[in-house]
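Close look at the chain arrangement
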Amino acid sequence: MRELELLIIGSGPAGLCAAISAASSGAKVLILERSFQPGGQLIKQTHMFFGSERQYASHRGVDIADILLRRAAEFGDRIELMLNATAVGFYEDNVVTVLKDEKEYFKIKAKSIICATGAFEKSLAFPNNDLPGIYGAGAVQTLMNVYGVRPGNRVLMVGAGNIGVIVSYQLMQAGIQVAAVLDAAPRIGAYLVHASKLARMGVPILCSHTIKEAIGTDCLEAAVVCRVDQRFRPIPGTERRFDVDVMCVSVGLSPLNELLAMRGAAMRYVPQLSGTVPLRTVDCETSIPGIYVAGDASGIEEASSAMAEGYLAGLCAAAGLGHVPEDYGARRQEYLGQLEDLRSGPVGDRIRAGMKLSAL
Amino acid sequence: MRITQHPILNFDRGKELHFTFNGQPMTGYEGETVAAALHAAGVKVLAKSLNLHRPRGFYCAIGNCASCQMIVDGAPNVRTCITLLREGMRVETQEGKGKIK
Ligand SMILES: Cc1cc2nc3c(=O)[nH]c(=O)nc-3n(C[C@H](O)[C@H](O)[C@H](O)COP(=O)(O)OP(=O)(O)OC[C@H]3O[C@@H](n4cnc5c(N)ncnc54)[C@H](O)[C@@H]3O)c2cc1C
Ligand code: FES
């Protein structure tokens, strides 16, 4: 069994920043990534990011992934990245079991572990929701932006939050028709810049609407939508049919952190953070000393906060292992300050409430 | 089903690769996943569900949901959305749980 200092699970913005931060303090790091490509959600994002300069705002997501990977590479063998390697188990003695290349299975033991596994896309319950042609919006984004493959010809987007609206726009950039975007809420959840781009291109955004059923035998052929009342109940007689071969479900993400629950970290359902999350200190340490969480796995936010949390978790995990840099205090304050800025103002209300409920 | 023109992205497709899907010859490109190559060839049904045998396509495309599991070179339960295509691969629709040899 391989034994090491610091193991990071996931190579999205949180995992990469954690690795950079820990390695710059002198720790030796192994990153496990289940995909054959590092970068997490960033690799499929072709739009300019919001946020501040420190988190590379106004760069495209794909370019941010490149910047972080280049920085990680500067540390040479202090950061090892293992691809096609899924962490499938996490046990009391800090042993993590790994499935490599879908066939090899082995154990790794680490003194300290940072879980930066990101999130998964939620689904919705409606008849025939399992038909091929119905995909998560992020999946469609991967298919078209990473592989250059069209998901189909005509798409119905369910969910008018940022992801739904951005992916709709990207579908149109790839030459795919968007029949409509719907949302059960009475107002559009996405930033207006993104939503108005769609409106200008003539895509109807139907608020107070939901998906009633999908139609098709082997694959999706059509979808029926209807209006909902103020209490989100379908209004009979308002059904409309769209002939579409693709439906994207974009109704939010949930933190992906079952590994921490398996290890026995204290968890709590916190709706403000979009699901069950580990309790943690301000330094991202869970209820188990030496086990940290960062990024979407600790609650759904954005790439900017995932990076700041990653830097903080990496710094503190390395310090816990005895790698305390001279500027430890200043760096810690800097990352805590970045997180406070990102979560300030009315947009941050929900997240701040969620942080209180998940604080240790 | 392949995108050829795009305002932001350039798709440098790698070498052409040959593989089979349920015995039928297919082509894809180096650097793409099995699920992406199949989708580009118009194949959306990758598996059948365990009990009701309903068609299954991919759902998450990041290795998280198991909806895309197929038999690859004889091995069942391979997540084809995160498995890169290789020359000569044998890909088959998976029915049920699959057998471990
Ligand atoms: C369409 C869209 C638009 C967005 N726009 C913006 C924006 O404009 N600005 C912004 O700040 N944010 C944006 N975001 C959000 C941002 O992408 C995420 O918040 C961010 O990527 C989270 O980073 P992360 O590192 O926590 O997780 P991820 O990026 O999801 O990375 C997690 C990594 O862990 C790996 N992994 C998971 N489980 C395992 C396991 N068991 N073993 C090994 N590896 C594992 C995954 O494969 C993945 O690579 C957007 C997201 C989407 C989908
Ligand atoms: S589509 Fe979800 S695991 Fe492949």
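Residues numbered from 1 in each chain as written. Chains lettered and ligands numbered in written order. Predicted model: local features only at pLDDT ≥ 70, side-chain atom pairs only at ≥ 80, totals over all residues. Heavy atoms only, no water.

Comments concerning the overall build of chain A
Counting its regular elements, chain A contains nine helices and 19 strands. What you see for chain A is a C-alpha radius of gyration of 21 Å, in line with the 21 Å of a compact globule of 360 residues. Seen through its principal axes, chain A has C-alpha atoms that stretch 65 × 45 × 35 Å. Long-range contacts, defined here as pairs at least 24 residues apart, represent 62% of the contacts in chain A between residues at least 6 apart. (Helix = DSSP H or I, 4+ residues; strand = E, 2+ residues; numbered from the N terminus. Rg over C-alpha atoms; globule rule 2.2 N^0.38 Å. Contact = heavy atoms within 4.5 Å.)

Brief notes about the interface of chain B and chain A
Every contact between the two is made by 34 residues of chain B and, on the other side, 41 residues of chain A. In total, chain B and chain A occlude about 3,200 Å² of area from one another, counting both sides; carbon and sulfur atoms represent 56% of this. On the chain B side of the interface with chain A, the three residues burying the most area are Lys44, Tyr59 and Ile62 of chain B, jointly 20% of the side's total. There are three salt bridges connecting chain B and chain A. The closest approach of N and O atoms between Arg54 of chain B and Asp130 of chain A, which form a salt bridge, is 2.7 Å. Put simply, chain B and chain A have 13 residue pairs in polar contact (both at pLDDT 80 or more) between them. At the level of elements, helix 1 (34-40), strand 4 (55-56) and strand 6 (75-79) of chain B are the ones that each hand at least two residues to the side of chain B that touches chain A. Its residues placed into classes, the side of chain B that touches chain A shows 18 nonpolar, nine polar and seven charged. (Buried area = accessible area lost by both parts, 1.4 Å probe. Salt bridge = Lys/Arg side-chain N within 4 Å of Asp/Glu carboxyl O. Polar contact = N/O pair within 3.5 Å; in protein donor to acceptor, adjacent residues only side chain to side chain. Nonpolar A, V, L, I, M, F, W, Y, C, P; charged D, E, K, R; others polar.)

Topic: the nonpolar core
Among the nonpolar cores identified, the biggest contains 95 residues, and Leu68, Ile114 and Leu171 of chain A together with Leu38 of chain B are the most heavily contacted of them. For this core, the element with the highest residue contribution is helix 7 (residues 303-320) of chain A, accounting for eleven residues. Composition of this core by domain shows at least three residues from each of domain 1 (2-120 + 253-357) and domain 2 (123-249) of chain A. Ranked by size, the runner-up nonpolar core spans 22 residues in total, among them Ile9, Leu32, Ile113 and Leu259 of chain A. (Core = buried A, V, L, I, M, F, W, Y, C linked by side-chain atoms within 4.5 Å. Buried < 20%, exposed > 50% of the residue type's maximum accessible area, 1.4 Å probe, protein only. Domains from an automatic or database assignment.)

Details of helix 9 (residues 349-357) of chain A
Residues and elements named next belong to chain A. Buried residues of helix 9: Ile351, Gly354 and Met355, and no others. Angular distribution of buried residues about the axis of helix 9 spans 100°; they occupy a single face of the element. The inward-facing, buried residues of helix 9 contact strand 17 (267-270) and helix 7. (Arc of directions from axis to C-beta.)

Observations regarding the pattern of salt bridges
In the structure shown here, the tally under the stated rule is 14 salt bridges over all chains. A salt bridge links Arg233 of chain A to Asp229 of chain A, with the nearest nitrogen and oxygen atoms 3.0 Å apart. Classification of Arg233 of chain A as partly exposed rests on a relative accessible area of 43%. A relative accessible area of 24% places Asp229 of chain A in the partly exposed class. Sharing partners across several salt bridges, the network here consists of Asp130 of chain A together with Arg54 and Arg56 of chain B.

Side note on a nonpolar patch on the surface
Residues and elements named next belong to chain A. On the surface, Val88, Tyr91, Tyr105 and Met262 cluster together to form a nonpolar patch covering roughly 380 Å² of accessible area. Residue position: Tyr105 is located in strand 6 (residues 104-115). A relative accessible area of 54% means that Tyr105 is categorised as exposed. (Patch = residues over 30% accessible without salt bridge, like charges linked within 9 Å, V, L, I, M, F, W, Y side chains within 5 Å. Areas by Shrake-Rupley, 256 points an atom, 1.4 Å probe, with all protein chains shown as cover.)

As for the packing of helix 3 (residues 137-146) of chain A against helix 4 (residues 162-173) of chain A
Two quantities define a packed helix pair, namely the angle between the axes and the distance from one axis to the other. All names here are of chain A. The geometry of helix 3 relative to helix 4 is characterised by a closest axis approach of 10 Å and an angle of 30° between their N-to-C directions. With respect to helix 4, the element helix 3 is oriented roughly parallel. Regarding helix 3 and helix 4, the two cross each other, and that crossing is left-handed. Facing Ala137, Val140, Gln141, Met144 and Asn145 of helix 3, the residues of helix 4 in contact are Ile163, Val167, Gln170 and Leu171. Counted by class, the contact of helix 3 with helix 4 contains six nonpolar, three polar and no charged residues. (Axes fitted to C-alpha atoms, helices over the stretch in contact; angles between N-to-C directions. Parallel < 35°, antiparallel > 145°, perpendicular 65-115°, else oblique. Left-handed = near helix turned anticlockwise from the far one by under 90°.)

Observations regarding unusual backbone geometry
All names here are of chain A. The backbone phi angle of Asp101 is positive, close to 50°, even though this residue is not glycine. Along the chain, Asp101 falls in the loop between strand 5 (95-100) and strand 6. Its identity as a non-glycine residue notwithstanding, Cys284 has a phi of 70°, on the positive side.

Description of the domain arrangement of chain A
All names here are of chain A. Here chain A is described as being made up of domain 1 (2-120 + 253-357) and domain 2 (123-249). Computed from C-alpha coordinates alone, the two centres of domain 1 and domain 2 are separated by 31 Å. Listed as interface residues are ten residues of domain 1 and, on the opposing side, 13 residues of domain 2. Here domain 1 and domain 2 share an interface that buries about 900 Å² over both sides, 60% of which is from carbon and sulfur atoms. Run the count over domain 1 and domain 2 and you get zero salt bridges.

With respect to the site of ligand 1
Residues and elements named next belong to chain A. Near ligand 1 you find 32 residues, and of these Ala14, Glu33, Gln41, Ala87 and Asp296 are the closest. Contact between ligand 1 and Glu33: an oxygen atom at 2.6 Å from a side-chain N or O atom of the residue. Put simply, the parts of the chain that give the shell around ligand 1 at least two residues each are helix 1 (13-25), strand 4 (85-90) and helix 7. Within the shell around ligand 1, the residues separate by chemical class into 14 nonpolar, 13 polar and five charged. (Near = heavy atom within 4 Å.)

Let's talk about the sheet that holds strand 13 (residues 222-227) of chain A
Residue and element names in this part refer to chain A. With antiparallel pairing, the three strands of this open sheet are ordered in space as 12-13-14. Only two strands of the sheet have a single neighbouring strand rather than two, namely strand 12 (209-215) and strand 14 (240-242). Sheet twist, expressed as the mean angle between neighbouring strand axes with direction ignored, is 30°. (Pairing = 2+ DSSP bridges.)

Overview of the pairing of strand 1 (residues 2-9) of chain A
Residue and element names in this part refer to chain A. As paired strands, strand 1 and strand 6 are joined by seven bridges and run parallel to one another. Residue pairing across strands places Arg2 opposite Ile108, the latter belonging to strand 6. In this fold, strand 1 hands off to helix 1, which returns the chain to strand 2 (residues 29-32); that crossover is right-handed. (Right-handed = clockwise from strand over helix to strand, strands pointing away.)

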